[in-house]
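Listed here are the chains, written in short residue letters.
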Amino acid sequence: MSQVEALETTIQELSWRGLVESAKWLLELRLSLTADGMSSWPKELHGREAESDTSSAKSAELMLAKSYFDCREFARSAHAIAPDLRRSSRKARFLYFYCELLLLQRRVAEEDETGFGLPTENDPERDMETARTMHELEEMCAENADSYLDYLLGLYAIETKQRELAAEHFIRSVSRNAYNWASWRELASLTASTNDVSRMLSSVDISDMSRIFRVVALTELHKSDDSIEEELEALNRTFPGNHFFTLLAAVQCHNVQDFEGAKTLFERVYMGQDPFRLDYIDHYSNVLFVLDQRKSLAYLARRLMETDRHRPETCTVIGNYYSNIGEHEQAVAYFRQALQLDARYASAWTLMGHEYVELKNPHAAIESYRRAIDFDRRDYRAWYGLGQTYEMLEMHYYALHYFERAAALKPLDARMWNAIAGCFEKLGRFHEAIRALRRALGPALDTAAGALDDEATASADEPTTTRLVSLVAGLGLDAHYVSRLATIAEKLGDIDQAWRCNALAVAIALSNDDQYRDSISGNSSGGLAPAGIMQNGQSEHTVHATAPAANAMTATTGVSDHLDQMDLTDSPSTTHGGGGRSVRHGVRTRSRAASNATVLTYATGSAGSPQLRRSSTMADISQDPRALARATSGMTNPDHERTTSIERDPAALPVEFASACVWLSRFAKSRGNDAQARHYASLIGYLDEGRSLLKQLDRSTASR
């Protein structure tokens, strides 16, 4: 049998067995296969035979059982398949045991008191029935090698939480039929690391299907490298026009936080080529959430609701919309509705956990995150959310464990290591905290430190900020992380290291400030040019204090207009939750892609607890006077109803910048270096603390 014939035969077999999602996916693959792609396939597929049919006498009985199955009368379908028919027909065997599995899942859903259809922890009667069915199925499979029976055995193993056994059955299934996409898909869901993927691939023959499996598994493990990109390009050449691979490329962009690139690829499919497709639609909605594109998110939610409002993906997108506008109770209601439609939808569990954190209900958040992990252990957001929630509860050992699990899934994500460092710092394990922060910053930290040492050696008594800014620009360092290194170094009594880290934090913050870079672009001198920062005669205080408030107002303009345009009828009845976006950075890792170093939050009124609003990974500003918690108190807009996270305005520098400048100014003054003390104080002259330091220096100079 040729490869193409085997593919077409498998499509028919999957469709007959009710595995319609896999049949649909394979049919799209077949239709996108070009003549050139066919020529690259082997002409013959060894070990694959066409499925023999039953005798004409039994065919009518089998068709009747299948018609019952199509009407979702599973008990009736299983009853219609007589024992002798099960022994003589592969289709009958599969249909019988598949009906038994679906009936088991239905009973579990009916017995669940939570309304989500989740299995109870200990049910001896159910476990005995499942074990008996598995034993009978294994005997059938031993007598008749069948890819689809192996697939069923894998599903039963998952029901009994035997993940390793399930993987063995799925591997055997794809070894017998490489085109059984249902088994490949389940196998991908069982991978927890790249080692798992490599181990599974070593047990099967190399083929286009195994390559597709590798790309899907690694993408859903949030891995990104050149080999995956090259594989996707090769698959696109073999299957041009297949939108599935375009969506995988979009998810790859999402994994590396290229949100604009992901948005472009998602819209190519969802807004053009295949507008009613729902694969990975939750990723697209998360991208719109991160980019704060409320109009696009509202349009997507409304369009999906008009298409099919009773799909879990639709409810999840609508929940994302309500979360984006701060209606967290309404968002929870829609995520719950999504889970009532599909209790195994891990993304909805994770997002509902985020909302419970927003609503300051950590215990409900923990339960949601745990459910998400039960169904998808690859979701680093759920592991990270558990860590942040336990950190809120001051349970730092638990938080550390979950942060480490998140870092194992996303080892190149600096936020994971920053969170780990925060736990180590809270536990007094400062040296381990430093190692974690250095892991977050990467080799660029050593490059910046070398530049600082060179500058300090070249002009020991002169301010080096301007020259250093040009040297650290483009290294991708985060001022927040470097500032935390300074805090820990000071706790360890290493004042020299604290000075170096604070100086770097100031330079990094300024290198990310467009207005400052413009002011020094034509300045060849080594010192600071304070006048260059001013534009159109404005004072520093005016520039820094008014711009954020203006942006905050702009960020929420038109929200009521979008709500009026969006007819969310038949929505779950809840009380709309007010309050602010009180979640700390990282709990909602899908939101606000920038880290705390690149975001300032302007919180208003009583919208949320200050403890929740501040970053869990920053030094406790309420206990550290250098952190200048009051530095942002004058930047609040009292007319704003919600807490709004705003990406750094050119004139709005992060809190750690002010903290580092105060520390450096006082340190330089204590060492008698008034030039450097004045230099750093002048950088924060728009703050009361900066003006106070300058006045002290003036009095000190006058007294001499």
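Quantities reported herein were computed from a predicted structural model and do not represent experimental measurements.

Caption draft 1: Representation of the overall build of the protein. Within the protein one finds 37 helices and two strands. Each of the 704 residues in the protein was classed as buried or not, and the buried ones make up 56%. Sequence-distant contacts, at least 24 apart, represent 68% of the contacts inside the protein between residues at least 6 apart. With an accessible surface of roughly 30,100 Å², the protein has 49% of that area assigned to carbon and sulfur atoms.

Caption draft 2: Representation of the packing of aromatic side chains in the model. The full count for this structure, using the stated rule, is 23 aromatic pairs. Each ring, one from W25 and one from F244, has its centre 5.5 Å from the other, and the planes form 90°; the classification is edge-to-face. Here W25, found in helix α2 (residues 20-32), pairs with F244, found in helix α15 (residues 243-255); they are 219 residues apart in sequence, far enough to count as distant. With a relative accessible area of 4%, F244 lands in the buried category. With a centroid separation of 5.2 Å and an interplanar angle of 55°, the aromatic rings of Y384 and F403 are classed as tilted.

Caption draft 3: Highlighting the pattern of salt bridges. For the coordinates displayed, the defined rule picks out 32 salt bridges. With a shortest N-O distance of 2.9 Å, R30 and E8 are connected by a salt bridge. Highlighted residues: R30 in helix α2 and E8 in helix α1 (residues 3-16), separated in sequence by 22 residues. Assessed through its relative accessible area of 17%, R30 is described here as buried. You can call E8 partly exposed: its relative accessible area is 32%. When the shortest N-O distance is used, the salt bridge between E432 and R429 registers 2.7 Å.

Caption draft 4: Examining the environment of R72 more closely. Among the structural elements, R72 can be located in the loop between α4 (56-70) and α5 (74-80). On a C-alpha basis, the gap between R72 and C99 in space is 9.2 Å, while along the polypeptide they are 27 residues apart.

Caption draft 5: Up close: helix α13 (residues 208-220). With 13 residues, α13 extends 18 Å between its outermost C-alpha atoms, agreeing within 8% with the 18 Å of an ideal straight helix rising 1.5 Å per residue. All of the buried residues in α13 are D208, M209, S210, I212, F213, V215, V216, A217, L218, T219 and E220. Buried residues belonging to α13 abut α2, α11 (181-189), α12 (194-201), α14 (226-238) and α15. Downstream of α13 by a residue or two, H222 has a phi angle that is positive, lying close to 65°.

Caption draft 6: Up close: the packing of helix α7 (residues 90-111) against helix α9 (residues 147-159). The N-to-C vectors of α7 and α9 enclose an angle of 15°; their axes lie 10 Å apart at closest approach. On the basis of their axis angle, the class for α7 and α9 is roughly parallel. Between α7 and α9 lies a crossing of left-handed hand. Contacts between α7 and α9 involve R93, F94, F97, Y98, E100, L101 and Q105 on the former and, on the latter, Y148, L149, Y151, L152, L155, Y156 and E159. Looking at the contact of α7 with α9 residue by residue, the class counts come to 10 nonpolar, one polar and three charged.

Caption draft 7: Broad picture of helix α16 (residues 259-273). Taking 1.5 Å as the rise per residue, α16 with 15 residues should run 21 Å; its terminal C-alpha atoms sit 20 Å apart, in good agreement. Residue E267 marks the point of greatest curvature in α16, where the axis turns by about 30°. The elements touched by buried residues of α16 are α15, α17 (281-290) and α18 (294-308).

Caption draft 8: Layout of the packing of α15 against α16. One way to put it is that α15 packs onto α16 with a least axis distance of 7 Å and a crossing angle of 155°. As far as their axial angle goes, α16 and α15 are roughly antiparallel. The hand of the α15/α16 crossing is left-handed. Contact residues: α15 offers H243, T246, L247, A249, A250, V251, C253 and H254, while α16 offers F259, G261, A262, L265, F266, R268, V269, Y270 and Q273.

Caption draft 9: Focus on the confidence of the model for the protein. Confidence along the protein averages 76 in pLDDT terms, with 73% of residues attaining 70 or more. In this model, residues 523-587 is a region of pLDDT below 50 whose contacts with residues beyond four sequence positions or in other chains number 142 contacts. Note that pLDDT drops below 50 for residues 589-651; the model gives that stretch 161 contacts with residues more than four away or on any other chain.

Caption draft 10: Structural context of unusual backbone geometry. At Q257, a residue that is not glycine, the phi angle is positive and equals roughly 65°. The topology assignment puts Q257 in the loop between α15 and α16. Unlike most non-glycine residues, D292 shows phi in positive territory, near 55°. Mapped onto the elements of the fold, D292 is located in the loop between α17 and α18. Taking the relative accessible area as the measure of exposure, D292 reaches 25% and is therefore partly exposed.

Caption draft 11: Molecular detail of the environment of V108. Here V108 shows up in helix α7. A C-alpha to C-alpha distance of 8.9 Å links V108 and R126, two positions 18 residues apart in sequence.

Caption draft 12: Examining the side chain of R415 more closely. Following the sequence through the fold, R415 ends up in helix α25 (residues 414-426). Its relative accessible area of 6% is what places R415 among the buried residues. Here the side chain of R415 touches D413 through a polar contact of 2.5 Å, side chain to side chain.

Caption draft 13: View of the nonpolar core. Membership of the largest hydrophobic core comes to 193 residues, with the highest contact counts inside it found for L26, I212, F266 and F657. With 11 residues, the top contributor of residues to this core is helix α30 (residues 495-511). Each residue touching F266, except ones within four places of it in the same chain, is listed here: L247, A250, V251, M271, Y280, H283, Y284 and V287.

Caption draft 14: Quick look at a negative patch on the surface. On the surface, D225, D226, E229, E230 and E233 cluster together into a negatively charged patch. Among the structural elements, E229 can be located in helix α14.

Caption draft 15: Here's a closer look at the environment of D84. Along the chain, the position of D84 falls in helix α6 (residues 83-88). For the pair formed by D84 and K58, sequence separation is 26 residues and the distance between their alpha carbons is 9.7 Å.

So, how was this worked out
Residues numbered from 1 in each chain as written. Predicted model: local features only at pLDDT ≥ 70, side-chain atom pairs only at ≥ 80, totals over all residues. Heavy atoms only, no water. Helix = DSSP H or I, 4+ residues; strand = E, 2+ residues; numbered from the N terminus. Buried < 20%, exposed > 50% of the residue type's maximum accessible area, 1.4 Å probe, protein only. Contact = heavy atoms within 4.5 Å. Areas by Shrake-Rupley, 256 points an atom, 1.4 Å probe, with all protein chains shown as cover. Phe/Tyr/Trp six-rings, centres within 6.5 Å; stacked < 30°, edge-to-face > 60°. Salt bridge = Lys/Arg side-chain N within 4 Å of Asp/Glu carboxyl O. Expected span 1.5 Å × (residues − 1). Axes fitted to C-alpha atoms, helices over the stretch in contact; angles between N-to-C directions. Parallel < 35°, antiparallel > 145°, perpendicular 65-115°, else oblique. Left-handed = near helix turned anticlockwise from the far one by under 90°. Nonpolar A, V, L, I, M, F, W, Y, C, P; charged D, E, K, R; others polar. Bend = angle between axes of the 7 residues up to and from the residue. pLDDT = per-residue confidence, 0-100. Polar contact = N/O pair within 3.5 Å; in protein donor to acceptor, adjacent residues only side chain to side chain. Core = buried A, V, L, I, M, F, W, Y, C linked by side-chain atoms within 4.5 Å. Patch = residues over 30% accessible without salt bridge, like charges linked within 9 Å, V, L, I, M, F, W, Y side chains within 5 Å. Lys, Arg positive; Asp, Glu negative; His and termini not counted. Charge placed at Lys NZ, Arg CZ, Asp CG, Glu CD.

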